[in-house]
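In case you want the letters, here they are:
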Amino acid sequence: MTATLHQFERNFEDAPRAAAKTGRKPLISLKGVGLSFGSHEVLQDINVDIGEGEFVCVIGPSGCGKTTLLRILSGLIQASRGTVSYRGKAQTEPASDIAIVFQDYANALLPWRTASQNISLALEAAATPRAERKDRIAHLLEKVGLSKHADKYPSEMSGGMQQRLQIARCLAQNPSVILMDEPFGALDAMTRQKLQDEILAIVSESNVTAFFVTHDLEEAIYLADRVIALEPNPGRIAELIDVPLARPRNQLTTREEPEFLALRRKLFDFVLRYE
Amino acid sequence: MMRPINLLWLAASFLVTLALLALWQWIANHGYVSKVFLPGPDRAFAALTRDYSSGKLFTEVGQTVLRMALGWLVASAIGIGLGAAIGISPFARTWIAPTFEFIRPLPASAIAPVAIVFLGMTDNMILLLIAFGSVWPMLLTTIHGFSNVHPRLDEVARVLRLNRFERVYKIALPAAMPDILGGLRLGLTIALILAVVGEMITVQGGLGSRILLAARGFRAPDIFAGVIMLGLIGLATNVALTALERRLLRWQPAPAT
């Protein structure tokens, strides 16, 4: 990934925002959020504030409502109780600057469009002038390392490449928030580690806020500033865990730090309670 | 782009055709079937070349192809338009689809008398017959295609805040395209059948009336010449549609051979 002047300028501009990170001015705020389907309670009394530029991971045993929580944040579904606010306003429908990376990239990409054309969809949706699209697409393809595959159809790409493409399409939205629903769950271990580092680089470059659902506990610790641990039946917050590991993180050294190992033990013990 | 293995298959199927022609000639030459009913391929081709040089062949083929094409186009427009409208609306699917299931199994030739009552023995009657018969596969496959867009694509469209028109034009239509093309192909086969049926009823030109008249006059070579031309029309239109399909669906992974 090459650091262009453009990115440098953005980082520079974002410096005050990054400073606000420690102050954690809430960008997204959930108060008493609950969701029921009929008499079945899926989520109960979720209270959490997410700060601008923060990287939040959500873990928990299956059936604890991780994905449902992400969908509520996206505005795709509405909470039955409580309030979800984004930039101080109630979140009732998808916002143009909130992007979602779905786990099933094969279904989320348009198979009849090439890599470039898939990215173009987001630009078309945002009514980006045709003349600007080409450069934006080339820039985004380069950012996710797909420059050589611009004219390939998704069916001609590997799983890792398809997920990179979906991430590029999300970045084309110029998002303030990226919601990721187990994005690397279907990928092999090596590809997953590479993409973890790429997503960390992208997030720190553009100071987006990340909300990342995963069942991989180590992945959660490796990526997050804060981990939300959900417990099931009904899904509710068991614990909010700060991750004080230094950035930038490193696949070898970070994972060997005593702090990392202690958090790993803590989260494993937590999940094991529900096995 | 043809691979050697495909060329081999093509050559093999060509040989089979030649062998069948030879068998046909052999049966005809030895008089196993009366010459009145079964002319050899030599006499059938002689009838073809005779009509070819007199120009009659072009006129007849042209009439039949034109009727088939017009009827098919009308059916396509109605089938795809109506199918899309019904496919994207769960409300319409619930209320209208059962009615279609009732009308669809009606044999199209059964409505010929109804069409004759309203339109007489005219070209429009044939068009109505073709359009009615061939609209069903297109309508049903289009409904199926539009109503089976993967829910994830729907969510992508919502997250990107595409408007209704964009959702149909950029997401649903291309997603339904494989189904629609399947319907177009089925519809085309039916259109050719009904063009011939229609022409046999009205007897106003075209290969259908030619075959009917030849049969009444015991001109067996002319019957077979007409049948051969119909076969060729079917083959040519199928090849054309396959080419269109390849082009529109080139994003689909190549089927494993």
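### Points about the overall build of chain A
Argument step 1. A tally of regular secondary structure across chain A gives ten helices and ten strands.
Argument step 2. The globule rule puts the C-alpha radius of gyration for 275 residues at 19 Å, and the 18 Å found for chain A is close to it.
Argument step 3. Expressed along its principal axes, the backbone C-alpha trace of chain A runs to roughly 50 × 45 × 40 Å.
Argument step 4. Considering chain A as a whole, with its 275 residues, one finds that 54% of them fall into the buried category.
Argument step 5. Look at the contacts in chain A between residues 6 or more apart in sequence, and 70% of them connect residues 24 or more apart.

### A few points about the pattern of salt bridges
Argument step 1. Under the defined criterion, the tally for this structure stands at 27 salt bridges over all chains.
Argument step 2. Notably, a salt bridge pairs A:Glu218 with A:Arg264, separated by 2.8 Å at the nearest N-O pair. On the criterion of sequence distance, the pair formed by A:Glu218 in helix α8 (residues 217–223) and A:Arg264 in helix α10 (residues 258–272) is long-range, its members being 46 residues apart.
Argument step 3. In this structure, B:Arg67 and B:Asp123 form a salt bridge, with 2.8 Å as the shortest nitrogen-oxygen distance.

### Let's talk about the environment of B:Gly145
Residues and elements named next belong to chain B.
Argument step 1. Relative to the helices and strands, Gly-145 resides in helix α6 (residues 123–147).
Argument step 2. On the basis of relative accessibility, which here comes to 3%, the residue Gly-145 falls in the buried class.
Argument step 3. Separated by 57 residues in sequence, Gly-145 and Ile-88 place their C-alpha atoms 9.5 Å apart.
Argument step 4. Not counting the four nearest positions on each side in its chain, Gly-145 is found in contact with Ala-176 and Asp-179.

### A closer look at the domain arrangement of chain A
Often the size quoted for an interface is simply the accessible area lost on bringing the parts together.
All names here are of chain A.
Argument step 1. Taken domain by domain, chain A holds domain 1 (1–7 + 49–90 + 182–275) and domain 2 (111–177).
Argument step 2. Distance from the C-alpha centre of domain 1 to the C-alpha centre of domain 2: 24 Å.
Argument step 3. Contacts between the two partners involve 19 residues from domain 1, matched on the other side by 13 residues from domain 2.
Argument step 4. Here domain 1 meets domain 2 over a buried area of about 1,300 Å², counting both sides, of which 61% is carbon and sulfur.
Argument step 5. For the interface between domain 1 and domain 2, the tally reads two salt bridges.

### Here we look at the interface of chain B and chain A
Argument step 1. Contacts between the two partners involve 18 residues from chain B, matched on the other side by 26 residues from chain A.
Argument step 2. The largest share of the area that chain B buries against chain A comes from B:Val159, B:Leu160 and B:Trp251, three residues that together contribute 31% of it.
Argument step 3. Our count for the chain B to chain A interface comes out at four salt bridges.
Argument step 4. The salt bridge involving A:Asp104 is made with B:Arg152; its shortest N-O contact spans 2.7 Å.
Argument step 5. Summed over the shared surface of chain B and chain A, the number is seven residue pairs in polar contact (both at pLDDT 80 or more).
Argument step 6. Of all the secondary structure elements, the ones that give two or more residues to the side of chain B that touches chain A are α7 (151–159) and α8 (164–202) of chain B.
Argument step 7. Counting residues per element, the side of chain B that touches chain A draws most heavily on α7(B), which supplies six residues.
Argument step 8. The residue inventory of the side of chain B that touches chain A, partitioned by class, reads ten nonpolar, one polar and seven charged.

### Observations regarding a nonpolar patch on the surface
All names here are of chain B.
Argument step 1. On the surface, a cluster of nonpolar side chains totalling about 970 Å² of accessible area is made up of Val-16, Leu-20, Leu-23, Trp-26, Tyr-32, Val-33, Val-36, Phe-37 and Phe-218.
Argument step 2. Tracing the sequence through the fold places Trp-26 in helix α1 (residues 4–29).
Argument step 3. By relative accessible area, Trp-26 is classed as partly exposed at 45%.

### Focus on the packing of aromatic side chains
Argument step 1. Counted by the stated rule, this structure contains eleven aromatic pairs over all chains.
Argument step 2. With a centroid separation of 5.9 Å and 70 degrees between ring planes, the pair formed by A:Trp112 and B:Trp251 is classed as edge-to-face. In this pair, A:Trp112 is assigned in the loop between α3 (105–108) and α4 (115–125) and B:Trp251 in the segment after α10 (220–248), connecting two distinct chains. Taken individually, A:Trp112 and B:Trp251 each receive the classification buried, so the pair is uniform in this respect.
Argument step 3. We note A:Arg255 situated over the ring of A:Tyr222; from NZ or CZ to the ring centre the distance is 4.7 Å.

### So, the sheet that holds strand β9 (residues 226–231) of chain A
Residues and elements named next belong to chain A.
Argument step 1. Reading across the sheet, the six strands line up as β6-β7-β8-β3-β9-β10 and stay open at both edges, with mixed pairing between neighbours. The open sheet terminates on both sides in strands that have one partner only, identified here as β6 (98–101) and β10 (236–242). Neighbour-to-neighbour, the strand axes of this sheet turn through a mean angle of 20 degrees, independent of strand direction.
Argument step 2. Judged from the four bridges that link them, strand β3 (residues 55–59) and strand β8 (residues 209–213) form a sheet pairing that is parallel. Paired with Val-58 across the strands is Val-213, a residue of β8.
Argument step 3. Each of β6 and β7 (177–181) is contacted by helix α6 (residues 159–171), which is oriented at about 175 degrees to β6, the strand it contacts most.

Cut-offs used in this document
- Residues numbered from 1 in each chain as written.
- Chains lettered and ligands numbered in written order.
- Predicted model: local features only at pLDDT ≥ 70, side-chain atom pairs only at ≥ 80, totals over all residues.
- Heavy atoms only, no water.
- Helix = DSSP H or I, 4+ residues; strand = E, 2+ residues; numbered from the N terminus.
- Rg over C-alpha atoms; globule rule 2.2 N^0.38 Å.
- Buried < 20%, exposed > 50% of the residue type's maximum accessible area, 1.4 Å probe, protein only.
- Contact = heavy atoms within 4.5 Å.
- Salt bridge = Lys/Arg side-chain N within 4 Å of Asp/Glu carboxyl O.
- Domains from an automatic or database assignment.
- Buried area = accessible area lost by both parts, 1.4 Å probe.
- Polar contact = N/O pair within 3.5 Å; in protein donor to acceptor, adjacent residues only side chain to side chain.
- Nonpolar A, V, L, I, M, F, W, Y, C, P; charged D, E, K, R; others polar.
- Patch = residues over 30% accessible without salt bridge, like charges linked within 9 Å, V, L, I, M, F, W, Y side chains within 5 Å.
- Areas by Shrake-Rupley, 256 points an atom, 1.4 Å probe, with all protein chains shown as cover.
- Phe/Tyr/Trp six-rings, centres within 6.5 Å; stacked < 30°, edge-to-face > 60°.
- Lys NZ or Arg CZ within 6 Å of the ring centre and 35° of its normal.
- Pairing = 2+ DSSP bridges.
- Axes fitted to C-alpha atoms, helices over the stretch in contact; angles between N-to-C directions.

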